[in-house]
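Fold and contact review
Residue-level listing of the chains:
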Amino acid sequence: MAGIRLTRMEQGQTKIKNVPIAVTPEGFWCCPSPVVFQKSLKAQNPLNKPKPSSPPPKSSVKKKPVSVPVYERRTVTAADAPSRLVLSDDQQCATAPERPPPPTSSMAAAERGPRPKIESLPKKVAIEFGEPGTCDMKVILLGKQGFCVKLSVHRNVLTEKSSFFSEKLSEQSGLSCLQIGECEDVEIYVETVGLMYCKEMKQRLMKQSVSRILRILKVAEFLGFISCIQSCLEFLEAVPWVGEEDEEKVVSTVLQLQAEGIGVNPVLKRVSADISNVPKDTLSHIIDLVLKSNEERSRREMKSIVLKLLRENNSLPSYARTTDICNDTIYRSCRTCLDSLLELFKQAAEPSEDRDPLAKSIALEADNLTWLLEILVDKQAADEFALMWANQQELAVLHAKLPTVSRYCVSCLSGRLYVGIGRGELLPSKDTRRLLLQTWLQPLMNDYNWLQHGCRSFDRKLVEEGIGRTILTLPLEDQQSILLSWCGSFLKTGDSCPNLQRAFEVWWRRTFIRPYVENLGKVAVSDSSKFAEGEKETRMKEQENY
């Protein structure tokens, strides 16, 4: 058991010392749970076979009101079923029948029948708050779980702490018993009433789970227990929330308290900011930090985290998104990286003895652009990026002047765009697709041998399929010019060139087979039109004869 520290009472008020109540496995004092009821009743009514030779033991110890809660069986009839709130006098509250005396052995043998299950018996708990014998009223809680709790309390404590009790008791000044029916959470009701007797409420709430504090907060709001509500809010503001489930429960519960005029802003500031432009500016700052990082491992991890979080935001419906991340921020970063990449290519094209720092810088900017492209693809906003990359003719000219080891990472970016178009992840215009192939397909073919053997992340089959599908989206004349050029390169270099045979076969069928099928269709259409004209002439002659 655990005692409760008491508030200092004014002179002439009831002196309160201790509250003997049960202790949960969580280490918190409260009304015993249904499991405790069942265990207690099993101890009082063992189902094992009784020994006939041993008479029932006689109890010589007087029952004290300050001992642990008393568990009683109680028969509840339909007439006892209360409404939501039932006010009654002292006699009505004491109508529960007393426990009958134990039967003799002959009576027990005569009345022995099928034993009811312990779980089906009505249960009753008696709890006394404050100093024994000083309670001046009763509060009876009837729970939906099938048990009843009788609280011996003090009128002045309840009226001082709770606006609910103050209002009910002021309506009938002589009321000595108040009954509340259909309580959804009797255990927390008892716990909340016990908090009215606490001086250090904060210490009582410590080490409790967030979900339990939310249950207390709900009952405290119903009872109008303002000091308890404030203590619960202080607890929720300071304690860590574990997982998104806790966060959602806290926010939804706290938001319901705003109508009561209770200060909940300290709690809600965890999930909302006062500055209106935080999302856009913060995203730009985070992206800049990632793009400028030179530490390979942390950079890789942060890229993965940011990409995952942005994907989560994109997966939400538009009405559920807290903020709509602006594409302008990402495209501004893309233009900055492109300008930096072009400048690095110009420096690398000049004669120099030490090219390693430039090669690392080029690889870093190409990786930055690939990451930004992934973000835009997830946001379904990469069409403009394809146009930007297709227009980099100066960069493509400089590409041929650089060693393959310094430039191949740029071809990876071109390959990713072809894959995206082939998958339908971006839908640039016909002119953009044609320009993209004209500008960057040949540089990619020049680097293809290195990409296969020197780039671990390069997926040959995926890139070849993306290139072929991109080519086949163009008009037939463009397909022919590009694939004939590829055919010449493939016959010269073999595996050092992308294998676009599948696209070549599709183009072949479109060029040499489908026109014949279409001509057959035209002949059929011509025959049907002639037949229709003949039918029309026949009808006209019949009408003239008529």
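Conventions we followed
Residues numbered from 1 in each chain as written. Predicted model: local features only at pLDDT ≥ 70, side-chain atom pairs only at ≥ 80, totals over all residues. Heavy atoms only, no water. UniProt positions renumbered as here; feature names shortened; annotations may be inferred. Salt bridge = Lys/Arg side-chain N within 4 Å of Asp/Glu carboxyl O. Helix = DSSP H or I, 4+ residues; strand = E, 2+ residues; numbered from the N terminus. Buried < 20%, exposed > 50% of the residue type's maximum accessible area, 1.4 Å probe, protein only. Phe/Tyr/Trp six-rings, centres within 6.5 Å; stacked < 30°, edge-to-face > 60°. Expected span 1.5 Å × (residues − 1). Pairing = 2+ DSSP bridges. Disulfide = S-S within 2.5 Å. Patch = residues over 30% accessible without salt bridge, like charges linked within 9 Å, V, L, I, M, F, W, Y side chains within 5 Å. Areas by Shrake-Rupley, 256 points an atom, 1.4 Å probe, with all protein chains shown as cover. Lys, Arg positive; Asp, Glu negative; His and termini not counted. Charge placed at Lys NZ, Arg CZ, Asp CG, Glu CD. pLDDT = per-residue confidence, 0-100. Contact = heavy atoms within 4.5 Å.

The name an unreviewed UniProt entry gives the protein is At3g05675-like ankyrin-like domain-containing protein, with Phaseolus vulgaris as the organism. Among the UniProt annotations of the protein, the heading Pathway (unreviewed entry) holds the following wording: "Protein modification; protein ubiquitination." Within the UniProt record for the protein, the comment given under Function (unreviewed entry) is "May act as a substrate-specific adapter of an E3 ubiquitin-protein ligase complex (CUL3-RBX1-BTB) which mediates the ubiquitination and subsequent proteasomal degradation of target proteins."

Attention now goes to the pattern of salt bridges. Evaluation of the coordinates by the stated rule reveals 20 salt bridges. Across the pair Arg215 and Asp185 runs a salt bridge whose closest N-O atoms are separated by 2.8 Å. Here the residue Arg215 occupies a position in helix α8 (residues 210–223), and Asp185 occupies one in the loop between β8 (177–183) and α6 (186–195), the gap between them amounting to 30 residues. Judged by relative accessible area, Arg215 falls into the partly exposed class, the value being 30%. With its nearest N and O atoms 2.9 Å apart, the salt bridge here joins Arg212 to Glu187. Taken together, the residues span a long stretch of sequence, with Arg212 in helix α8 and Glu187 in helix α6 at a distance of 25 residues.

Right, let's talk about the packing of aromatic side chains for a bit. Any pair of aromatic rings gets described here by the distance separating the centres and the angle formed by the planes. Summed over all chains, the structure comprises 12 aromatic pairs. Consider the rings of Trp389 and Trp440, whose centres lie 4.5 Å apart with planes at 10°: the pair is stacked. Pair noted here: Trp389 is in helix α16 (residues 383–390) and Trp440 is in helix α19 (residues 430–446), with a separation of 51 residues, a long-range link. Note on Trp440: relative accessible area 1%, which makes it buried. Seen from their ring centres, Phe504 and Trp508 are 6.4 Å apart, and the 40° between their planes marks the pair as tilted. Of this pair, Phe504 and Trp508 both sit in helix α23 (residues 501–545), four residues apart, which is roughly one turn of that helix.

Before going further, it helps to spend a moment on helix α18 (residues 404–423). Taking 1.5 Å as the rise per residue, α18 with 20 residues should run 28 Å; its terminal C-alpha atoms sit 28 Å apart, in good agreement. In terms of residue burial, α18 counts as a mostly covered element, since 16 of its 20 residues are buried. Downstream of α18 by a residue or two, Gly424 has a phi angle that is positive, lying close to 80°.

It is worth spelling out the pairing of strand β7 (residues 147–153) at this point. With six of seven residues buried, β7 lies mostly within the body of the structure. In the sheet, strand β6 (residues 137–143) pairs with β7 via six bridges, with the strands oriented antiparallel. When the sheet's bridge partners are listed, Met137 is paired in β7 with Val153.

The residue Glu182 is not glycine, and still its phi comes out positive at about 55°. Here Glu182 lies in strand β8. Positioned with a positive phi, Gln380 is a non-glycine residue whose angle comes to about 55°. On the secondary structure map, Gln380 appears in the loop between α15 (356–378) and α16. In this structure Gln380 comes out as exposed when scored by relative accessible area, which is 72%.

Now for the state of the cysteines. Applying the stated criterion across every chain yields a total of zero disulfides. Unpaired in this structure, Cys334 has its nearest cysteine sulfur neighbour in Cys337, at a distance of 6.8 Å. Owing to a relative accessible area of 0%, Cys334 belongs among the buried residues under this scheme.

Relative to the elements of secondary structure, Ser411 occurs in helix α18. The class of Ser411 is buried, set by a relative accessible area of 1%.

Now for a negative patch on the surface. Residues Glu244, Glu247, Glu248 and Glu312 make up a contiguous surface patch of negative charge. In terms of residue count, helix α10 (residues 243–255) provides more of the negative patch than any other element does, three residues in total. For Glu312, the location among the structural elements is in helix α13 (residues 296–315).

This brings us to the confidence of the model for the protein. Of all residues in the protein, 66% have pLDDT values of 70 or greater, and the mean over the chain is 74. Mean pLDDT values over the elements of the protein span from 36, in strand β3 (residues 70–73), up to 95, in α16. Predicted confidence for residues 1–92 stays below pLDDT 50, and this span has 182 contacts to residues more than four positions away or in other chains. Below a pLDDT of 50 lies the segment residues 94–122, which in the model reaches 22 contacts outside its immediate sequence neighbourhood of four places, other chains included.

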